[in-house]
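# Observations on the three-dimensional arrangement
One letter stands for each residue in the lines below.
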Amino acid sequence: MERIPILRMGEYLLVTIQVDMHDRLAMTLQDDLTNRISETGAKGVLIDISSLEIVDSFIGRMLGNIASMSRVLDADTVVVGMRPAVAITLVELGMSLTGVRTALNVDAGMDLLRNSLDARKDALYGSRIQ
Amino acid sequence: MAISTLNQNATLASIIEQHREAILAEWLREMSGATRRSDLLKESELQAQCSQFLDSLARASGTGTNAQAAAYEPLREILADISHSRAQKGFSPRETAMFVFSIKRPLFSAIRDAYGKDPSVMAEQMWSMTELLDSLGLFTTDAYLKSREEVIRRQQEDMLELSTPVVKLWEGILALPLIGTLDSARTQVVMESLLEAIVQTNSRVAIIDITGVPTVDTVVAQHLLKTVTAARLMGADCIISGVRPQIAQTIVHLGINLLDVTTKATLSDAFGLAMQRAGFSFVRADKRETKRD
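The sections below set out a description of the structure shown in this document. (Residues numbered from 1 in each chain as written. Chains lettered and ligands numbered in written order. Predicted model: local features only at pLDDT ≥ 70, side-chain atom pairs only at ≥ 80, totals over all residues.)

## A closer look at the overall build of chain A
Note the threshold: Helix numbers and strand numbers start at the N terminus; a helix is a DSSP run of H or I with at least 4 residues, a strand a run of E with at least 2. Remark: C-beta atoms are placed from the backbone, and a residue is labelled buried if 20 or more other C-beta atoms sit within 10 Å of its own, exposed if 12 or fewer do, or partly exposed between those counts. Whether two residues are in contact is decided by their C-beta atoms, placed from the backbone, lying within 7 Å.
Looking only at helices and strands, one finds 4 helices and 5 strands in chain A. Ordered by position in the sequence, the α and β elements of chain A form the string β-β-α-β-α-β-α-β-α. Within chain A, buried positions represent 34% of all 130 residues. A fraction of 80% describes how many contacts in chain A between residues 6 or more apart in sequence connect residues 24 or more apart.

## Focus: helix H8 (residues 184-201) of chain B
Since the α-helix turns once every 3.6 residues, residues separated by three or four places project in the same direction. Going by this rule: Expected helix span is taken as 1.5 Å per residue step, with the number of steps being one fewer than the number of residues. It is the directions from the helix axis to the C-beta atoms that the arc portrays.
The end-to-end C-alpha distance of H8 of chain B is 26 Å, a good match for the 26 Å that 18 residues give at a rise of 1.5 Å each. Buried residues of H8 of chain B: Val190, Met191, Leu194, Leu195 and Ile198 of chain B, and no others. Buried positions in H8 of chain B, seen along its axis, are confined to an arc of 120° and lie on one side of it. Every exposed residue of H8 of chain B that faces more than 90 degrees away from the buried side is listed here: Ala185 and Gln200 of chain B. Looking at the packing, one finds that the buried side of H8 of chain B touches helix H3 (84-92) of chain A together with strand E2 (173-179), strand E3 (205-212) and helix H9 (218-233) of chain B. At the exit of H8 of chain B stands asparagine 202 of chain B, carrying a positive phi of roughly 60°.

## Concerning the sheet that holds strand E1 (residues 167-170) of chain B
All names here are of chain B. Put simply, the rule is: The pairing criterion is simple: DSSP has to find at least two bridges between the two strands. Note on method: axes are straight lines fitted to C-alpha atoms, helices fitted across the in-contact stretch only, with angles between N-to-C directions ranging 0 to 180 degrees.
Strand order in the open sheet formed by 5 strands is E1-E2-E3-E4-E5, and the pairing between neighbours is mixed. Edge strands, defined here as strands with exactly one partner in the open sheet, are E1 and strand E5 (262-263). Running at roughly 165° to E2, H8 makes contact with E1, E2 and E3 of the sheet.

## A closer look at the sheet that holds strand E1 (residues 6-9) of chain A
Residue and element names in this part refer to chain A. Taking strand neighbours across the sheet as the criterion, the 5 strands line up as E1-E2-E3-E4-E5 in an open arrangement whose pairing is mixed. The open sheet terminates on both sides in strands that have one partner only, identified here as E1 and strand E5 (101-103). Direction aside, the axes of adjacent strands within the sheet are offset by 25° on average. Alignment of strand E4 (residues 76-80) against E5, held across 3 bridges, turns out to be parallel.

## Topic: the nonpolar core
Applied cut-off: A set of buried residues qualifies as a nonpolar core if it consists of Ala, Val, Leu, Ile, Met, Phe, Trp, Tyr and Cys joined through C-beta atoms within 7 Å.
Val45 and Ala87 of chain A together with Ala206, Ile207, Ala231 and Met234 of chain B are the most contacted members of the largest nonpolar core, which has 67 residues in total. At 7 residues, the largest contribution of residues to this core is made by H9 of chain B. Once you skip the residues sitting within four places of it in the chain, isoleucine 207 of chain B turns out to touch Leu174, Ala175, Leu176, Ile239, Ser241, Leu267, Ala270, Phe271 and Ala274 of chain B. Grouped together as the second largest cluster of nonpolar side chains are 32 residues, Cys50, Phe53, Val100 and Leu133 of chain B included.

## Side note on the packing of helix H2 (residues 20-30) of chain B against helix H3 (residues 43-61) of chain B
Residues and elements named next belong to chain B. Selection rule: Our angle categories are set so that under 35 degrees counts as roughly parallel, over 145 as roughly antiparallel, 65 to 115 as roughly perpendicular, and the remainder as oblique. The hand of a helix crossing depends on one turn: near helix anticlockwise from the far one by less than a right angle means left-handed, and clockwise means right-handed. Under the scheme applied here, ten amino acids are nonpolar (Ala, Val, Leu, Ile, Met, Phe, Trp, Tyr, Cys and Pro), four are charged (Asp, Glu, Lys and Arg), and all others, including Gly, are polar.
Look at H2 against H3: their axes get within 11 Å of each other, and the N-to-C directions meet at 135°. If you check the angle between H2 and H3, you find them oblique. For the element pair H2 and H3, the recorded crossing hand is right-handed. When H2 is examined against H3, the residues Arg20, Ile23, Leu24, Trp27 and Leu28 are found in contact with a partner set consisting of Gln47, Cys50, Ser51 and Leu54. For the contact of H2 with H3, the residue count by class is 6 nonpolar, 2 polar and 1 charged.

## A closer look at the interface of chain A and chain B
Residue-level contacts link 13 residues of chain A with 15 residues of chain B. Elements supplying a minimum of two residues to the side of chain A that touches chain B: H3 and E5 of chain A. With 5 residues, H3 of chain A is the single largest residue contributor to the side of chain A that touches chain B. Across the side of chain A that touches chain B, the residue classes break down as 11 nonpolar, 2 polar and no charged.

## Comments concerning unusual backbone geometry
Note on backbone geometry: most residues besides glycine have negative phi, and most peptide bonds are trans. All names here are of chain A. One non-glycine residue, aspartate 74, lies in the positive phi region at around 70°. Mapping aspartate 74 onto the fold places it in the loop between helix H2 (57-72) and E4. One non-glycine residue with positive phi stands out, namely leucine 97, at about 50°. By the secondary structure assignment, leucine 97 is in the loop between H3 and E5.

Below, the structure is given as structure tokens:
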């Protein structure tokens, strides 16, 4: 069965969607990703959708759901590399994916994840160090 | 005593052919008044158009006087060409239609000469000719309007292209100065060109400047919010600048929620914020030197 690979990179998980998503693939990804987050205790998830050309309302909702689930499992999620046509389609469908963080490319997305992790660490340990 | 219609038509064509030169000369004289527009059209060109029209009319009128008939197809094409070129040269619709209507007097006088002895036939002929020329005249107006509309549509497209430039202000900062009313079609173009530019220039901040947008109603605000959301989905921040006091009042009175969007009064404020977000800071040159001392 077709699966979307989830790569581990230090404290982060990397998901690159290289094929067109269909509904079952999205459901599998949701399962796999939540399992991997709890297994690895990852602090951040980066989803690269720069190869994704077609979205519908279901895939849009899946992206939102995956982000919310990761947050429940204590991992930040960034969606990177959304194409203009995909962004326009989602907006026209009335899905603004509020709560999902976005970045232009993988670089910017990793920056965002590192910054938010640093901020979390500061908030946790910062007061104790002083 | 009544002659058959076929005969009538044949005689009409033969009248035109017989009196061709006289009709032509009379017609040109008829048009020499206000509708001539010698500033826009050369005498020789007009003459060529007239004789072409007359020849085609003579040929077509041999078959009947219904302007929609297939026999009138060449004549309609000639008229469409004439109307098209006149619309582009700047003739008014009236002047264009008068090209056809001014042939009535010379043509009718030729008919009168031919049927002077038989008033009922003359009346019949004149009536069918009037009907024919009227519908041809209306056809020129139609063709004129069509070519005008073509011009307007092309200009609209040009304006759509021209009015949505995306400019790069700094590394990673784009600006989109909007001028004119925002409708759905334009918003689509604006959104697409902005998003394409964001990808191409790898920009994190985009400033949408609405100084040139005359009014912001709920529809325009909706379009702006869509653009901002789409840019956010791609990972770019949007700042809306150039909000005039009246527009700020309208937005609040209409109950439009712009709370999720950063708005600034001027483009320079927005640029300052954008530089800050992109991680740049400004220092005035003379201050830096005093620091060094």
